[in-house]
Structures are given as C-alpha cells and as structure tokens.
Amino acid sequence: MIPYRRYSPRAVMADPVKFRSRQYSLDGRGFVKVFIALSFRSGRYYLPGEVAGRDNERRLEMAYNKIYMERAIALAKRGVGKVNPNPLVGCVIVKDDEILGEGYHEEYGGLHAERQALADAMKRGNNVYGADMYVTLEPCSHTGKQPPCTEAILDAGIKRVYVGSNDPNPLVAGNGIWQLRMAEVEVVTNCMKDECDALNPVFFHYITENTPYVVYKYAMTMDGKICTAKGESQWISNEKSREKVQTYRNELMGIMVGIETVLADDPSLRCHMDGGRDPIRIICDSQLRIPMESKLVQEAGEVKTYVASLAEHEKQNRQKIRELKDHGVGTLLITADESGKIDLNKLMSQLGKMHIDSILLEGGGTLAWSMINGGYVDEVRAFIAPKVFGGRDALTPVSGKGIEDINLAKTFELQELENIDGDIFARYLKR
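Each residue is numbered by its place in its chain's sequence as written, counting from 1. A pLDDT threshold of at least 70 governs which residues receive local features in this predicted model, and a stricter bar of 80 or more applies before side-chain atom pairs are shown or counted, although totals over entire chains, interfaces and linings include all residues. Only hydrogens and water are set aside; all other atoms, that is, all heavy atoms of the structure, feed into the side-chain values.

Our next topic: the side chain of D357. Helix and strand labels come from DSSP, where a helix needs a run of H or I of at least four residues and a strand needs a run of E of at least two; each type is numbered from the N terminus. Topologically, D357 is positioned in the loop between α13 (344-353) and β16 (358-361). Categorising residues by exposure relies on relative accessible area from a 1.4 Å probe, with only protein chains included: less than 20% of the type maximum marks a residue as buried, more than 50% marks it as exposed, and the intermediate range marks it as partly exposed. Positive charges come from Lys and Arg alone, negative charges from Asp and Glu alone, with His and the N- and C-terminal ends not counted. The salt bridge criterion pairs a side-chain nitrogen of Lys or Arg with a carboxyl oxygen of Asp or Glu, the two atoms within 4 Å. It turns out D357 is buried and unbridged, and the closest side chain with the opposite charge, R277, is 6.2 Å from it. Definition of a polar contact: a pair of N or O atoms within 3.5 Å, with one able to donate and the other able to accept a hydrogen when the atoms are protein atoms, and with sequence-neighbouring residues admitted only if both atoms are side-chain atoms. Only 3.1 Å separates the side chain of D357 from the side chain of N84, close enough to count as a polar contact.

Structure, rendered in structure tokens:
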C-alpha cells in the first residue's frame, strides 16, 4: 500500500517497486501527474489512477444506489439561472443508507456542491469519515473562485465517490478523478451519466468551444406563421406556453434579437417569472438604428444591454455610441463579414470572452437563418399553436436567403415532444 493518504512524490520514492513511472511533473500543490505509469499490484497492471482496477469499478457500479444520484440531480437543478457560466452540480453524502449531508452549487462564486454537502453534514453534526459521496459532476482539482473540491473530499475522509459526468474543463478533465484514486479513494464514474450530462449541455459547450450555447425559440401556427399578414402576433401560443418561455429567460444567460424585431415590437426582453433573472440583452444592429426611446435603451440602467454594430461605421456613429453609453447601453463593434453584415463568428467569440455562456435567440427570421446557416444554433425550442393564419406575406420563423438544394438542409434531431394545453412543444438538437 502507498503509505500516504495524499499521493506525493515522497510516496513514489518510498516504494518505487509498487509504483513506477517514466515521467512526472509537479503542479503548485505538490501533486504528481503521471503520464505513463504502471501499478504493480497482485501481479496485475492498471492504468494511472485506477488503484482499485476496472474489475473493482464494475463491481461498485452494480452496488451504487440510484436514489442518491437522483437526489443529487434534483439538487443540482436548483441552481438554474444562478450559477452561469459554471455548471449545475448536486452532491449527496451517504453512510449506512443514511444521508449525512447534501448540497448544490447555489450561486456563481459560491461554494461548490461537494463543499456545500460537507458543510451541511457538519451543520447536522454528522461525521462523514468513511462515507460515500454521490456527485453529478467530476470534483474539481484546481483553484478558481473556490479551492479544489478534491482537497475537501480527502480531508473529510470520504471513502468512495460516485461520479455522474466527467468534467471537460481543461483545468479538470479527469484530473479530479485521478487525484482521488491516487489517494486511494474508490471512484466510480458514469453513474447515471446520461441524466447527469443532461444537466449541463450549456456548460459542456461553453467550456470546450469558448462560445455561447444558442437556443432558438419561436411560436408559430399550424401553417408555420409567426404573425398575420398585417404583423399581429400577440398571442400565438397559449398562456402556459408563454410561462414556459419565461423559464428559458431565467435559465439562459443572454437573449438576442435583430434590430427589425426591436423596431417592430419594441420588446423589453426581460424575465417575468417570479424570482427569475433578467438575461443580458443583445441586439444585432449593423447600422445602429436602435431608437433611443425604445424600452431596451430606457431600461438599460436596470438590465445589462449591448448593441452589436459594424466597426466600419464607428466614426459616423460616434455620437450615438456616446448617447447609448450614457443610458447604460454598451456597443460591441464587430467587423463585417463578406456580405457586409455583422460577422457572427466574431460576435460569438466576443460574447464568449465576456463569459456569456448561453443565448436565447428570439428572432427575427433573417437573424435566425444567419445563425442556423452559420452553425451557431445548438438547440431549437418550438411552440406550435392549433391555429391557421394563412397569408403569403405572413412571416415565418426562419427567412433569409435560405437554400436552393434540398440536400443542403440544416438538420436537427427531435429530443422532446409535449402537449401544453393544445399547443405542441418540440425540442430539437443540432445534428
């Protein structure tokens, strides 16, 4: 046995026969990262970090109790709208079929789920030494706004950790699991993996692509219209469908529309759900035509608001940029693409740098086509009302140039279908 609870270079040197490696590197906390290693135990070979071995992990997978991971998933969902751009994470600590402590990541910058659960156990007066931990996402192993969760787990004497999702964050990416296993904590991965992965499509996309996860939401009639020929659109969907939309505005960090939508509807783009969070408002406006009297400008002192405009027009728009700034509106100057419109690739990159991890796209049709055609829309949430408007001039959810060859159609995969008091809700993911 390695004679130290926390793995260290000294432990390797103390027993070079039981653990041999060709290459080591030390991080700031003295942990050893082993890149090519073999562990000699009972005459068998294991990959780095797999102290218990694959056979043991398969045995533990059969033993874990889904009830506790389901509880951790339910806890994680309480963080919706409060932790962006961090992931949703829940944690439950169990011993002898008794929950000793539980917690979730409650707010950005606050304690992570594991430390919340440990604090909860302490508050209850429970000793967690030798207990099992169920956590929906791999424990972090680096210092950010909070210290590493792996340290807290080791200090508490947790015996076994059941993990739902692996963390694709390059600062973690398996290192959290590795550190725990090197300290001889049994770690079982992929526990209810699909359910745990479903908590964090936004985080997984943002942390790997450095751009926002984009959801296009629209409501249309049975014949595919988003308004009448005269432009009337309130209301196509029913009240319950509209209430569901408000949860999206709380869930996703930003909301985006084109300038034509602003000129036609003068929307506020705020969240009207009780206890909800107003999303950051982003308007694509190449020519900076947004009216100073619009709700978006007038309410900018209350809600973060940005207008994306062409950098090539900065000089001629300098006065209006100053006026917008005085009202609390930020201007994002983005260079033009080949068609003379805002380069969406550069805009998405800029929003990612601003730590905006997700966007609810609410139109109009031209912007929607540009976003879909450019591959920026990751998910579509459509509400189909049992109504028919007709009309050649009535608008559809997606317009723009479109395609000429049917083989070039943008394809999505149906994930969810629901009847909401007669409205049909359909959720699709990009293929």
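Turning our eyes to something else, we now look at helix α6 (residues 175-182). Along α6, eight of the eight residues are buried, which leaves the element largely enclosed by surrounding structure. Here α6 has its buried residues at N175, G176, I177, W178, Q179, L180, R181 and M182. Once α6 finishes, E184 follows within two positions and takes phi at roughly 65°, a positive value.

What follows is about the pairing of strand β7 (residues 98-104). The buried fraction of β7 is high, at five of seven residues. A pair of strands is labelled paired if DSSP reports no fewer than 2 bridges between them. If you look at the hairpin formed by strand β6 (residues 90-95) and β7, you'll find two residues sitting between the two strands, and D96 has a positive phi there, around 55°.

The sheet built from nine strands is open, its strands ordered β15-β14-β13-β12-β16-β11-β17-β19-β18 with mixed pairing. The open sheet has two free edges, formed respectively by β15 (329-334) and β18 (412-420), since each of these has just one partner strand. In this sheet, adjacent strand axes meet at a mean angle of 20° when their direction is disregarded. Fitted lines through C-alpha atoms serve as axes, helices being fitted only where they are in contact, and the angles separating the N-to-C directions of these axes extend from 0 to 180 degrees.

What follows is about the sheet that holds strand β8 (residues 132-137). Strand order in the open sheet formed by five strands is β7-β6-β8-β9-β10, with mixed pairing between adjacent strands. Because the sheet does not close on itself, it has two edges, and the strands there are β7 and β10 (186-188). Going from strand to strand, the sheet's axes swing by 15° on average, the running direction of each strand aside. Contacts were defined at the residue level, with two residues in contact if any of their heavy atoms lie within 4.5 Å. Docked against the sheet, helix α4 (residues 113-124) engages β6, β7 and β8, running at close to 135° with respect to β7.

Attention shifts here to a nonpolar patch on the surface. A contiguous nonpolar surface patch, about 260 Å² in accessible area, is contributed by L414, L417 and I424. Structurally, the position occupied by I424 is in strand β19 (residues 423-430). Two joining distances apply to patches: 9 Å for like charges and 5 Å for nonpolar side chains (Val, Leu, Ile, Met, Phe, Trp, Tyr), and every residue must have over 30% relative accessible area and no salt bridge. All accessible areas in this document rest on Shrake-Rupley with a 1.4 Å probe, and a residue is counted as covered only by the protein chains that are shown.

Let us now look at the packing of aromatic side chains. Pairing of aromatic rings covers Phe, Tyr and the six-membered ring of Trp, with a centre-to-centre limit of 6.5 Å; geometry is then stacked below 30 degrees between planes, edge-to-face above 60, and tilted otherwise. Scanning all chains against the criterion turns up six aromatic pairs. Taking the centre distance of 5.4 Å and the plane angle of 55° together, the rings of Y68 and Y134 count as tilted. Residue Y68 is found in helix α3 (residues 66-76), and its partner Y134 is found in strand β8; the two are separated by 66 residues along the sequence. By relative accessible area, which is 4% here, Y134 ends up buried. Aromatic side chains Y248 and F383 sit 6.4 Å apart centroid to centroid with 40° between the ring planes, which places their arrangement in the tilted category. With Y248 in helix α9 (residues 239-251) and F383 in strand β17 (residues 379-385), the pair connects residues that are 135 residues apart, well separated along the chain. F383 shares its class with Y248; the two are buried. Clustering of aromatic rings is evident, with ring pairs tying together Y68, Y134 and Y162.

Interhelical geometry of α4 versus helix α5 (residues 149-156) gives an angle of 30° and a closest axis separation of 9 Å. Between α4 and α5, the crossing angle belongs to the class labelled roughly parallel. Handedness of the crossing formed by α4 with α5: left-handed. Residues E114, R115 and L118 of α4 touch α5, and the partners they reach there are C149, E151, A152, I153 and A156. Roughly parallel here means an angle under 35 degrees, roughly antiparallel means over 145, roughly perpendicular means 65 to 115, and every remaining angle is called oblique. In a left-handed crossing the near helix is turned counterclockwise from the far helix by less than a right angle, and in a right-handed crossing that turn is clockwise.

So, on to the pattern of salt bridges. On inspection of all chains with the given rule, the structure shows 19 salt bridges. The residue R71 makes a salt bridge to E102 at a minimum N-O spacing of 2.7 Å. Remark: E102 occurs in strand β7 and R71 occurs in helix α3; sequence separation between them is 31 residues. Its relative accessible area of 29% is what places R71 among the partly exposed residues. Taking the relative accessible area as the measure of exposure, E102 reaches 17% and is therefore buried. Note that K217 and E362 form a salt bridge whose closest N and O atoms lie 3.8 Å from each other. Linking K217 in strand β11 (residues 213-221) with E362 in the loop between β16 and α14 (365-373), this pair joins segments that are 145 residues apart in sequence. According to the relative accessible area criterion, K217 is buried, its value standing at 14%. Here E362 falls in the buried class, since its relative accessible area comes to 16%. Linked by salt bridges that have partners in common, E251, E379, R381, E416 and R427 make up one network.

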